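Chains, contacts and geometry: an overview
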Amino acid sequence: MKKLIFLAIIVAFISCNSSSDQKANLSTQETDQLSLWNDREVKTAINQFVANVTDPNSADFVQVKDRIAVFDNDGTLWCEKPLYIPIELEIAYVKSEYPNRPEWEEDKFFSGLAGDNLSVLNDYSTVEIISKIFSAQAGMKEEDYKDFCYKTLSEVQHRKYNRPLKELTFSPMVDLVHYLQANDFKVYIVTGGEITSVRTISEEIYNIPKENVVGSSVLLEYVSDETGSYLVRTAKINSANDKQVKPTNIELHIGRKPIFAAGNSDGDYQMMEYTLSGDGPSMAILVHHDDETREYSYMHGTENAVNDAAEKGWHVVSMKDDFMEIFSK
């Protein structure tokens, strides 16, 4: 009898402590929700949306399998000025390879980039720039390109902030990614940037698995010879993942329509539009670069998205007013 009473006391003690621990953990989670966001309309809307889709008793409840969130990368998750980081990556490659490529001396694009003459980019369309930079690695082993990308993103310094490129992530947006993941969202990056380069750092800087990255890509060629089996990059564009191509690649690579989308430019217009086109609950946010003191202030390339946001039902995020900080200390 004494043993039974003793066991009952132990069980009660454990249950009490467990309940206290759960409450403490819940309290911590509630306190830490979007802790890098100011208490304004957008933060409230995000919290309410997540609360609704994760509450089994809510009319807006969404099964875990359908909690898909998609984020643009350049300008949404990390800095895109004064140059897109994918362009910085290619410039670094051209500079490193230029001494070994005499044919580039007669090419104003490559010779310009090698000499850090960035004005040369103005002479080419976006498609032409993509074609040129993708062609630079034609014949390169995919594994070698991965090594180059990771090394460059880890070592090359940003032109303004003097920090490695991979550190130029917007900490409130990374905070949002983690918040969604904690609420059983599967988060994907859907970027116009080159897919391999983003995959080399997505797990480290965002906690987003590399298989959850959808991006622009070249066709790869399979090679099997006396040295082994490997993949080689070609100059042929497989996908330029921007604008109307983003929804098609979401269907191709993910197979489920997102219920949450985050973008920052006209290149994300169709992705956000597509996300809100379903019958169930959905949300889209548009990161607006309006903080010239802590980051940059610009509208170029995002005019249509900003102007149409209210009509489309997208929430505009003011980096100046909504973010407590821009980059992690």
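Quick caveat, the model's predicted, so the values are computed rather than measured.

1. Overview of the packing of aromatic side chains
Ring pairs (aromatic) are described by centroid distance and by the angle formed between their planes. Tallied over the full model, the rule gives 12 aromatic pairs. Their ring planes at 15 degrees and their centres at 4.4 Å tell us that Trp104 and Phe110 sit as a pair that is stacked. Residues Trp104 and Phe110 agree in their burial class; the two are buried. Here the aromatic residues Trp104, Phe109, Phe110 and Tyr124 are joined through ring pairs into a cluster of three or more. Lying over the aromatic face of Tyr298, Lys81 brings its terminal NZ or CZ to 4.5 Å of the ring centre. Directly above the aromatic system of Tyr230 lies the positively charged group of Lys141, at a separation of 4.3 Å from the ring centroid.

2. What to know about empty space enclosed by the protein
Enumeration over the complete set of coordinates arrives at one cavity of 30 Å³ or more. What lines the largest cavity is simply Trp78, Ile85, Pro86, Leu89, Leu153, Ser197 and Val198. Of all the elements in the fold, those that place two or more residues in the lining of the largest cavity are α3 (85-97) and α8 (195-199). Broken down by element, the residue count for the lining of the largest cavity peaks at three residues, all from α3. Here the lining of the largest cavity is composed, by residue class, of six nonpolar, one polar and no charged.

3. Re the pairing of strand β5 (residues 260-263)
Where burial is concerned, the two faces of β5 agree: the one with Phe260 and Ala262 and the one with Ala261 and Gly263 are both buried. Across three bridges, the pairing between strand β1 (residues 68-71) and β5 is parallel. Residue pairing in the sheet places Ala69 in a bridge with Phe260 of β5. Inspection of the sheet shows β5 paired to strand β6 (residues 283-288) by four bridges, in the parallel sense. Directly across from Gly263, in β6, lies its bridge partner Leu286. Crossover connection from β5 via helix α11 (residues 269-275) to parallel β6: handedness right-handed.

4. Re the sheet that holds strand β2 (residues 186-194)
Overall, mixed pairing links the seven strands, which are arranged β4-β3-β2-β1-β5-β6-β7 in an open sheet. The open sheet has two edge strands with one neighbour each: β4 (228-239) and β7 (315-318). Neighbour-to-neighbour, the strand axes of the sheet open up by a mean angle of 30 degrees, direction not taken into account. Taken together, the three bridges between β2 and strand β3 (residues 213-225) define a ladder with parallel strand orientation. Directly across from Glu194, in β3, lies its bridge partner Ser216. Where helix α7 (residues 171-182) meets the sheet, it contacts β1, β2, β5 and β6, and its direction lies at approximately 165 degrees from that of β1.

5. Brief notes about the confidence of the model for the chain
Residue-level pLDDT values for the chain average 91, and 90% of them are 70 or greater. Looking over the chain, one finds the lowest element-wise mean pLDDT in helix α1 (residues 2-32), namely 40, and the highest in β1, namely 99. A low-confidence stretch, residues 1-31 (pLDDT under 50), is modelled with zero contacts involving residues beyond four sequence positions or located in other chains.

6. Quick notes on the environment of Ala305
Residue position: Ala305 is located in helix α12 (residues 303-312). Measuring from C-alpha to C-alpha, the distance between Ala305 and Asp266 comes to 5.3 Å, with 39 residues separating the pair along the chain.

7. Details of the nonpolar core
Judged by nonpolar contacts, the single largest core of 73 residues is most densely connected at Trp37, Phe71, Met173, Leu176 and Phe260. Here this core takes seven residues from α3, the largest share from any one element. Not counting residues up to four positions away in its chain, the partners in contact with Trp37 are Val42, Lys43, Ile46, Pro172, Met173, Asp175, Leu176, Ile285, Val317, Asp322, Phe323 and Met324. Core analysis: the second largest hydrophobic core is formed by 16 residues, Val70, Tyr269, Met272 and Ala305 among them.

8. A short note on the environment of Val50
Take Val50: it is sitting in helix α2 (residues 41-54). With relative accessibility at 1%, the residue Val50 sits in the buried group. On a C-alpha basis, the gap between Val50 and Leu180 in space is 7.7 Å, while along the polypeptide they are 130 residues apart. The contacts of Val50, once residues within four sequence positions are left out, are Tyr179, Leu180 and Asn183.

9. Brief notes about the layout of surface pockets
When its volume is computed, the largest pocket comes out at roughly 1,200 Å³. Along the walls of the largest pocket sit 38 residues, with Tyr84, Ile87, Thr126, Ile130 and Asp242 positioned nearest its centre. Broken down by secondary-structure element, the contributors of at least two residues to the lining of the largest pocket are α3, α5 (126-135), β2 and α10 (245-253). A per-element tally of the lining of the largest pocket places α5 first, with six residues. Residues that form the lining of the largest pocket fall into these classes: 14 nonpolar, 13 polar and 11 charged. Put simply, the second largest pocket is a space of about 390 Å³. As for the second largest pocket, its lining consists of 22 residues, of which Glu142, Lys146, Thr196, Arg199 and Leu220 are closest to the centre. Ranked by residue count, the leading element in the lining of the second largest pocket is β4, at five residues. A per-class count over the lining of the second largest pocket returns six nonpolar, eight polar and eight charged.

Criteria and thresholds
Positions within a chain are numbered from 1, following the residues in the order the chain's sequence is written. At least 70 in pLDDT is required for a residue's local features to be given in this predicted model, at least 80 for side-chain atom pairs to be given and counted, and no such filter applies to totals for whole chains, interfaces and linings, which use all residues. No hydrogens and no water enter the side-chain calculation; it runs on all heavy atoms of the structure. A pair of Phe, Tyr and Trp rings is counted when the ring centres sit within 6.5 Å of each other, with Trp represented by its six-membered ring. The angle between the planes then sorts it: under 30 degrees is stacked, over 60 is edge-to-face, the rest tilted. Using a 1.4 Å probe on the protein chains alone, a residue whose accessible area is under 20% of its type maximum counts as buried, one over 50% counts as exposed, and one in between counts as partly exposed. Both a distance and an angle decide whether a charge sits over a ring: NZ of Lys or CZ of Arg must be within 6 Å of the ring centre and within 35 degrees of the ring normal. Detection works on a 1 Å grid of protein atoms alone, calling trapped sets that fit a 1.4 Å probe cavities and calling open sets with protein on both sides within 12 Å along at least five of seven lines pockets, with lining residues defined by an atom within 4 Å of a point. Grid points are joined across faces, edges and corners, and a volume is the space filled by probe spheres set on the points. A run of H or I in DSSP counts as a helix once it spans at least four residues, and a run of E counts as a strand once it spans at least two, with each numbered from the N terminus. Each residue gets one of three labels, nonpolar for Ala, Val, Leu, Ile, Met, Phe, Trp, Tyr, Cys and Pro, charged for Asp, Glu, Lys and Arg, and polar for the others, Gly among them. Any two strands with at least two DSSP bridges between them are considered paired. With its strands directed away from the observer, a crossover is right-handed exactly when the path from the first strand over the helix to the second travels clockwise. Note on geometry: axes are C-alpha line fits, over the in-contact stretch for helices, and angles between N-to-C directions span 0 to 180 degrees. Contact definition: two residues touch when any of their heavy atoms are within 4.5 Å. Confidence of the predictor at the level of single residues is given by pLDDT, which spans 0 to 100. To define a nonpolar core, start from buried Ala, Val, Leu, Ile, Met, Phe, Trp, Tyr and Cys residues and group those joined through side-chain atoms within 4.5 Å.

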